[in-house]
Amino acid sequence: MKAVQIQTFGAPEGLVLVDLPAPVPAEGEVLIAVEAVGVAGVDVLIRRGALAAYGFTEGFIAGSEVAGRVTAVGNGVDEEWVGRPVWAFTGTGGGYVEQAAVPLEQVLPLPAGLSPADAVTVGSSGAVAHFGLAQARFAPGEAVLVRGAAGSIGVMAVQLAARQGARAVAVTTSSAERGKRLRDLGATHVLDRSGQGDPDAPDGYDVIVDIVGGDAMPSFFDLLNPNGRMVAVGVVGGQPPADFGTTLMAQFQKSISFATFSAATIGTADLQAVRREQFEAVARGDLGAVVHEVLPLDQVALAHRKMDSGEVFGRIVLTP
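Now for a quick tour of the structure. Along each chain, residue indices are assigned from 1 in the same order as the chain's sequence is written. Per-residue local features are limited, in this predicted model, to residues with pLDDT of at least 70; the limit for side-chain atom pairs, both in listing and counting, is 80 or more; totals at the level of whole chains, interfaces and linings are taken over all residues. The side-chain numbers reported here are obtained from all heavy atoms of the structure, hydrogens and water having been left aside.

### Describing the sheet that holds strand β9 (residues 168–172)
1) Next: Strand order across the open sheet formed by 6 strands is β10-β9-β8-β11-β12-β13, with parallel pairing between neighbours. In the strand order of this sheet, the two ends are held by β10 (189–191) and β13 (257–260), each with one partner. Across the sheet, the mean angle separating the axes of adjacent strands is 20° when strand polarity is ignored.
2) Next: Here strand β8 (residues 143–147) runs beside β9; their pairing, made up of 5 bridges, is parallel. Each residue of the ladder has a partner; that of alanine 143, found in β9, is alanine 168. Following DSSP output, two strands are said to pair if at least two bridges run between them. Here a helix means four or more residues in a row that DSSP labels H or I, a strand means two or more in a row labelled E, and each is numbered from the N terminus. A fitted line through C-alpha atoms serves as each axis, taken over the contacting stretch for helices, and the angle formed by two N-to-C directions is quoted from 0 to 180°.

### Observations concerning the pattern of salt bridges
If charged atoms from side chains of opposite charge come close, those side chains can pair.
1) Next: A side-chain nitrogen of Lys or Arg and a carboxyl oxygen of Asp or Glu constitute a salt bridge if their distance falls within 4 Å. Under the defined criterion, the tally for this structure stands at 13 salt bridges.
2) Next: Ionic pairing is found between arginine 315 and glutamate 65, a salt bridge with its closest N-O pair at 2.5 Å. Linking arginine 315 in strand β15 (residues 315–319) with glutamate 65 in strand β4 (residues 65–73), this pair joins segments that are 250 residues apart in sequence. Note on accessibility: arginine 315 and glutamate 65 belong to one class, buried.
3) Next: One salt bridge connects aspartate 206 with arginine 167, and the closest N-O pair in it is separated by 4.0 Å. Partly exposed residues are those whose accessible area sits between 20% and 50% of the maximum for their type, while under 20% is buried and over 50% is exposed, using a 1.4 Å probe and protein chains only.

Interpretation in functional terms is not warranted from these geometric data alone.
This is the structure in structure tokens:
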């Protein structure tokens, strides 16, 4: 089968299409003929080598979610799965492939009306947005700011906060055109990347969902209301300054708090329950799956160049 390896950390040209033996499903696994692969922000960080300290090495196959059709099953798996359209979480990697063997507990059947491309656009990002808001103890009637809202996690966080009764959903983004699209998804205020630019925006926020990180992250503590909570669900802009806790402590009298969130801390059953609900909501038209572009697997370097340039709104999908 064809697969994409990170043969050299750094530029997108380090992503190389190679031939590998097709996998055979082990006990408890299904084999999926992949029809769609989601390109995530974490894939970009791994490709750049930014996460090498976590054990990622050159030769790694990125990609954490795929959708397609089950073609075979391992021992202990009902043969009725064969032929079903499914979504699957492949873990921290292994998704940039034509065929994927995945444990059954990480697989969900696709509801009627949900395309493979939509599934890999919502599957992981929607769960992160859902549990990120929960980590922030978001409650109806609160004001929310989504920093870096144009990516797949941000798009979902905007929709979920609006659906769950936020009194305001502000977003930071890079252009008026993106701001308009985010308003169509539920945003009420559009800010520039510094968190300014809308005189009618709230003076402060009860919850900030931060997907960006980077050097500017600590400045957003100033935008939290008393008892406000910031949750970092990503660091697509790089790690924050090592001393960002000093800025946090300078706000001591406001009783603000900072937390990180990783889906790795949520049990598989809980993640799958949320994904199942969101898949059905997208199929009904109650949630939007924003696909930026669909590209063939052999154009993975182009996909990553688009991610690097910051032009992606929603998610790029690869098709083997």
